[in-house]
Amino acid sequence: MIAALLALVACEAGPAIDPRPGLVARLAAAAVGPTPPSATIEEQVLLGHLAAACAGAKLRAAKIGEDEDWRSLLLVTARSHPMACATEDEADALAAWAAPNEAWRGVRAEWIGARGDQERALAALGPVGNDASRLRLALGRGDGDAARFAAEGALVDDPRDVLACRIVGLAALAEGDAAWTIETAACGGLGARAPELVRMRADALDLAGEHAAAEAAYASIGADVHRAALIYQEGPTPERLAEANRLLAVGAAGRPPPAALHAVWMALIHGGTPSLVGLDSSLPATLARAMVQGDDAALAALEDAPGAPAAVVRARLHAARGDRARTEAALLEALAAAPAEEPVHRARVGLLLRVKGDVASALADWAAQDPDHVAAVGRRGSRDVPWLALVPDTWADLAERHPDPRMRSDAPAGADSIGARIRAARALSASGSDPRGHTDALASLMSDVPGLDGLVRERYQSGPSPPNVPDRDP
């Protein structure tokens, strides 16, 4: 490789020999079949179908041999490296010959980067332009910030760049902007042919509360586990539960871990008999195993597990052993991790009742919460760790065991800074003086405070419907 790179540098020092006549002779020997249009090869490259793009690029280079055909051949070789489309020596020769051609700057930089020389690749790329290539080089050196910035530029140049769509869309999803995620996933018309973008769109629709559309999107790419999770967690009926059971059924090769996990959660929520066969060692699976087994081994596996759900499950196991001190400690840990999470307060009250702890203080803490902050967090939790499975007791169940006027979901009557910011954002919308102010204020709050999933739907509802999504209720 070093010798080839040195040869490439040497070639760039002066006029390089045109390698195309020799390449035509080699490629023509294997050029079989109809020659695809250049637009087809371009779409294959954008979709990541590089083996097909390689075959087509070779055919066009051998039979037609226009400048763009050779550039496509080098681009496919760079993006599929180390898959042998053109050989390294052939690609080196093409890159050296094309050095004076400004139109080849991006693809030459990608090839040099694929060969492992990031510094020379950046130099070949130049300071501006060619953002699609700049994106790939940034990913190659692990620079996420540069990749995000370049992805946005790449979509300006070509809205169909699937990789750029995925990066921009996932960033929007992480920021709670479901509408922008859905629009980005369309990817200039290629999104429906890119399963990763369909999955991203479905995830955004789910967060936005468009569950039927999310189920349809998951179904279109065969994402059966994600579809089943929506079915048994949202609006379950006997018919829908039967469909979820079918989607999660044990196949000839058993259940894959994600299906095994959701089969356990569905059984716990809807009264089935959970099976632990097929669970892996992930944190969600560890929590599911602990909920079913409840033994010392399960408790030990959760000893250092992070997050409020793990703390709540630890509290459940300690309460089952009658250990009030450890139950209270685990519940305080859950409360510290998620102070406005309604299921945490419900779990705290229920488990303190079980171990005869200080229920009055727990109810006082619940009533002191800011109701807008509580609603902004929501009560669903992660689809992979649904609160419904971890905290089955409702406020009505708890009130039967311990009557108290604060035993209800609308007991919170306090105020905090996050709730104040939510109310200020809504005031902007109500006044009508700043149409974008509400959305912008919510976006700022969600950027500052992670985990406000309940605001995703409000932010989504405040704007127009994205393309291909039915109009929403006002």
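Please refer to the structure placed before this passage.
Everything quoted here is computed from the prediction, not taken from an experiment.

> How would you explain helix α3 (residues 38-47) if you had to name every residue and give the values?
Taken together, the buried positions of α3 are Ile41, Gln44, Val45, Leu46 and Leu47. For α3, the elements touching its buried residues are α4 (50-63), α5 (67-80) and α11 (162-174). Just downstream of α3, glycine 48 is the residue with a positive phi angle, here 80 degrees.

> Could you give an account of the packing of aromatic side chains, with specific residues and numbers?
This model, assessed by the stated rule, comprises two aromatic pairs. Look at tryptophan 97 and tryptophan 104: their rings are 5.7 Å apart centre to centre, the planes differ by 90 degrees, and that puts the pair in the edge-to-face class. For the pair tryptophan 97 and tryptophan 104, one class covers both residues: buried. Between tryptophan 366 and tryptophan 395 the ring centres are 5.3 Å apart and the planes differ by 20 degrees, which places this aromatic pair in the stacked class. Of this pair, tryptophan 366 sits in helix α23 (residues 359-367) while tryptophan 395 sits in helix α26 (residues 395-401), and the two are 29 residues apart along the sequence. Overall, tryptophan 366 belongs to the buried group, its relative accessible area being 0%.

> So what's going on with the state of the cysteines? Residues and values would help.
Tallied over the entire structure, the rule returns two disulfides. A disulfide bridge connects cysteine 54 with cysteine 85, and the sulfur atoms are separated by 2.2 Å. The sign of the S-S torsion, about 110 degrees, decides the handedness of the disulfide formed by cysteine 54 and cysteine 85: right-handed. Of this pair, cysteine 54 sits in helix α4 while cysteine 85 sits in the loop between α5 and α6 (88-97), and the two are 31 residues apart along the sequence. Overall, cysteine 54 belongs to the buried group, its relative accessible area being 6%. Two residues, cysteine 165 and cysteine 187, share a disulfide whose sulfurs are 2.2 Å apart. Since a negative S-S torsion denotes a left-handed disulfide, the cysteine 165-cysteine 187 link at about 90 degrees is right-handed. With cysteine 165 in helix α11 and cysteine 187 in the loop between α12 (178-186) and α13 (195-207), this pair connects stretches of sequence that are 22 residues apart. Its relative accessible area of 2% is what places cysteine 187 among the buried residues.

Criteria and thresholds
- Residues numbered from 1 in each chain as written.
- Predicted model: local features only at pLDDT ≥ 70, side-chain atom pairs only at ≥ 80, totals over all residues.
- Heavy atoms only, no water.
- Buried < 20%, exposed > 50% of the residue type's maximum accessible area, 1.4 Å probe, protein only.
- Helix = DSSP H or I, 4+ residues; strand = E, 2+ residues; numbered from the N terminus.
- Contact = heavy atoms within 4.5 Å.
- Phe/Tyr/Trp six-rings, centres within 6.5 Å; stacked < 30°, edge-to-face > 60°.
- Disulfide = S-S within 2.5 Å.

Bear in mind that shape data such as this cannot, by itself, settle questions of function.
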